[in-house]
Structures are given as structure tokens and as C-alpha cells.
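Chains, contacts and geometry: an overview
If you want the building blocks of each chain, they are given just below.
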Amino acid sequence: MTSSTVLRSRVHNHRRMDYSDALAYIAGLSHRGWRLGLDRMEEFIRLAGLQSATGGNLDSAKFLHVAGTNGKGSVTAYLESMLRHSGYRTGAFFSPYVYDIRERVQANGDLISPEDMARLTERLAPISDAMEATEFGGATEFEFKTALGFAFWQEKKSEWVALEVGLGGRLDATNVVHPAASAIVSIGLDHTAILGNTLGEIAREKAGIIKPGIPSVTGRLPDEALSAVETIAKEKGSHLWRLGREFEVERETEEGWKVRTPLAEVRGIRPPLPGAHQVENMAVAVAMMVASRAYLDESSIREGLAAVRIPGRFEIREHQGRTIILDGAHNTESMQSLCMTLQERFKGQKFQVVFGMVQGHDPAPVCAILDDIAAAVQLSPIDFHRSQPPEELSPYFHAPVTIHHDSSEAIQAALNAPVEGPILVTGSFYLVGEIGNGLAPRSAGPRCQ
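Just so it is clear, the structure is predicted and the values come from calculations on it, not from any experiment. (Residues numbered from 1 in each chain as written. Predicted model: local features only at pLDDT ≥ 70, side-chain atom pairs only at ≥ 80, totals over all residues. Heavy atoms only, no water.)

1. Topic: the overall build of the protein
Helix and strand counts for the protein come out as 16 helices and 17 strands. Over its C-alpha trace the protein gives a radius of gyration of 22 Å, about what one expects of a compact globule, namely 22 Å for 449 residues. C-alpha extents for the protein along the principal axes are approximately 65 × 50 × 40 Å. Burial analysis of the protein (449 residues in total) assigns 60% to the buried set. Here the analysis covers contacts within the protein between residues at least 6 apart in sequence; of these, 74% occur between residues at least 24 apart. If you sum the accessible surface of the protein, you get close to 18,000 Å²; carbon and sulfur atoms cover 49% of it. (Helix = DSSP H or I, 4+ residues; strand = E, 2+ residues; numbered from the N terminus. Rg over C-alpha atoms; globule rule 2.2 N^0.38 Å. Buried < 20%, exposed > 50% of the residue type's maximum accessible area, 1.4 Å probe, protein only. Contact = heavy atoms within 4.5 Å. Areas by Shrake-Rupley, 256 points an atom, 1.4 Å probe, with all protein chains shown as cover.)

2. Details of the layout of surface pockets
Here the second largest pocket is characterised by a volume of approximately 400 Å³. Lining the second largest pocket we find 15 residues, and of these Glu255, Trp257, Arg270, Pro271 and Pro272 sit closest to its centre. Among the elements of the structure, strand E11 (265-269) and helix H11 (298-306) are those that each provide at least two residues to the lining of the second largest pocket. Ranked by residue count, the leading element in the lining of the second largest pocket is H11, at three residues. Looking at side-chain class alone, the lining of the second largest pocket contains eight nonpolar, one polar and six charged residues. (1 Å grid on protein atoms, 1.4 Å probe; cavity = no way out; pocket = protein on both sides within 12 Å on 5 of 7 lines; lining within 4 Å. Points joined across faces, edges and corners; volume = space filled by probe spheres on them. Nonpolar A, V, L, I, M, F, W, Y, C, P; charged D, E, K, R; others polar.)

3. Here's the deal with the packing of aromatic side chains
Counted under the stated rule, the structure contains 11 aromatic pairs. Centre to centre, the rings of Phe44 and Phe144 are 6.1 Å apart; their planes meet at 35°, and the pair counts as tilted. Residue Phe44 is found in helix H3 (residues 39-47), and its partner Phe144 is found in helix H6 (residues 141-155); the two are separated by 100 residues along the sequence. Residues Phe44 and Phe144 agree in their burial class; the two are buried. Residues Phe346 and Phe351 carry aromatic rings whose centres are separated by 5.7 Å and whose planes lie at 90° to one another, so their mutual orientation is edge-to-face. Like Phe346, the residue Phe351 is buried in the burial classification. Here the aromatic cluster, defined as three or more aromatic residues joined through ring pairs, consists of Phe63, Phe93, Phe142, Phe150 and Trp153. (Phe/Tyr/Trp six-rings, centres within 6.5 Å; stacked < 30°, edge-to-face > 60°.)

4. So, the packing of H3 against helix H5 (residues 114-131)
The N-to-C vectors of H3 and H5 enclose an angle of 135°; their axes lie 10 Å apart at closest approach. Our classification of the angle between H3 and H5 gives oblique. Here H3 runs over H5; the crossing is right-handed. Touching Arg40, Glu43, Phe44 and Leu47 of H3 are Leu124, Ile127, Ser128 and Met131, all from H5. For the contact of H3 with H5, a count of residues per class yields five nonpolar, one polar and two charged. (Axes fitted to C-alpha atoms, helices over the stretch in contact; angles between N-to-C directions. Parallel < 35°, antiparallel > 145°, perpendicular 65-115°, else oblique. Left-handed = near helix turned anticlockwise from the far one by under 90°.)

This is the structure in C-alpha cells:
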């Protein structure tokens, strides 16, 4: 039986959904795991009539495709805001979300509405279910959410979409697009069991988003990683802009920066988030705007950057009279960047740390970096199927450690600690989401939240 025949036989009986039904359906796809490969995703969007949404036709959205070990979420948020402030109808896709699943899929700076999410899930679910009886199998949770984004942006007639890769790049479900520009923000040793054990191997996977004849941009990459990206860009005939070579970011005033590219110079800008790494993330995003020909003028870039606040990235809240920093640093490079920024912002202070990780990341270097700034560590499990048991993390710390049963107990212990000072919640975006949703409401921020 062909997939089209199976599809027709099942669509008729598929029930109507409300938002809670949609959430339950999507969560129920987790049993299909994580599958790297494009054949099923390509078939899914074909059956759903979404080829035009992924760049097949001239009247479809233009995509800015962003990969990298760290910084890709920030670059994606910067791009969406700059595009929107340039007057374009925009879409955005973030991976992972932090507080609300609807953060994944956005249009014109707004999260997809519960009603739209329910309606589009109802539309796509029978297609995914029908595929389960074919040689392709049913869509995974990530594939489904990616297709839902394509359907949403198609309906919204999005002109530009900032699209963050989920994992890797070459075989990621987002890699069915034909972008206006691609970016490799950074390369580090993460997800080595899936992407490879060397920087070169990981870089080759992430550089798989580079398309023939389409411009590409990189942040500052280690030599081994950069060499791999350069080879693929040359093979694809992609003109490559490298930070520190073809384009550069320079301090212009005490607070302002300029980005020089081969096609334009953008002055008087500053990153919306603290940390030296965010200066470079900003530069990559600005270079993508120029390389893709989305760039219109400096004022749109300045306004777009100023409007960005990103959930779970150096997010500061006040709760019960205490300062709480929420940041989903989960690997060596992101934890190094976070601790450097903390030392700049909170000079000489030690932190009450609430920490948890999911499996798939090497905890030893992450914990060693964090140990240097920790007055005490509250270890928490995470309400996620890949949660790493706190007992396995405890031996990596020299600072005093307490193991808790859940995240609410862990944050309360930090709040009750006799030593005053800031509280840091880190190690996983899933942990940040759990704890952040239980704190005082976030201050008004960007529509990318």
C-alpha cells in the first residue's frame, strides 16, 4: 500500500483537537526518539504540501539557517529581531524551548497561538500517523514540530525565517530548506556520540547546511574545524565569510561596536546580552543579514538588536529578595562563557548554584568550571527522560553539595541558604525551564520569548 493510499484511509477518521490534545499528541511522539536523516522529513513535507514553504518556489520565505555548538539560539533571535525591525514579515524557529513549547515556532515576533498550534497539529497528525505504516515511518517529535513551523510560516506569508538547527546540521530535519545564507556560529566537542569525536568531524556535520552557491558565515572556529568548513564551502561553491578575515567586529566607542563586511559596514551597534561571546554572536548575525541581502539600514539593525531578550540566556530575575541568574549552559564552552560573564558582572562573588544535566554531555569539564565559582551546589534531577541522576554528578564537585528530590526542593534550598549572594540556575535548559516557570513572572521582554 502506498503512503498516499494509507494517508487517505486515515485522515477521514482523525478527531478534532484542542490545545491540550495537541500538546499530548506531540509529547506522545517522543517514543520515536531522535532520528538523523532527511528522507522521512522530505516525504512528510511533500505529503503535507509544504515544499513551497521550504524554498521550492520563488514566492516562498527566505531562510537564514543557523548551526553551531553554542550561540546558535542567540544568533537566531538576533536575526529575527533585525529582520522584523527592517519591516519584513518574519518567522523564527528555536531549539530547544525554555518555558513554553510555543517558543519553538514564532511569526512576527509572537509565539504561535494555542489555537493555531492545535489546528496545525490536527492538520499534520494524520499525515504523520499514516506514514508510520510506510517504509519511512512516522515523524519524530522534532520533525513534527519543524513541519508545523513550515506550515505556520506558509500561512503567515513570512518573507524571512530565522531557522535554528536542532542537532548537527547535515542530517537535521531543518536541512530541507534552501536558505539565503547559512551560518556555523561555533564548533566544540558536544554530542560526540552522534556527531563525531573530533572538531573536524563535528564541523563537517554542522557544515552540511551549506548549500551550493549560497553564501555562508562562520564565527571564530578552531583551526581543525575551520579547515573542515572551508573544504565543504569550496566543494559547494559557497562564498565563505569568516569572522576575523572577511568580516570583523571592532569596538567603536565605550559601548558601541561596528561590523565590517565585504559589502557593508554597520556602525553604532551593541549586543543585547552581556559577554564577549555575544559580541561575536552579534557580528555573525549582522554578517548574515548583509550576505543574504536582507540588510537595509543601520537603524533597523540597531533597533532590532536593542529589542532582544532571550529566555534562559543570562536571564536575571528577582525572587524573594534574591537575584537569580538563569542560563542553560550545558557544555564546556558555554559554561566557560557563562562564568567569565558572571565574573565580569558579579566581581569576586561566589554563587549558590542549582545544577542538573541531561545525558549526552560530558559532565566533568562543565562541573570543574562551575566548581570555581560555587559557594554551594544544589543538585537536582530534571523532569526529562534523559535526566542524569544527581548522584552521578556529585563526585565532580569540591564545593559543598546537597542532592535533592526535585527542582522545587533544590531552588528552595538555595533561597534558604544562610549565605547571601546571587543564585545561579544552570546546566540544562530543561532545568532552567522548570525552575523559571515557578519563579516570579519575567519582566517584559522580547517577543522572541
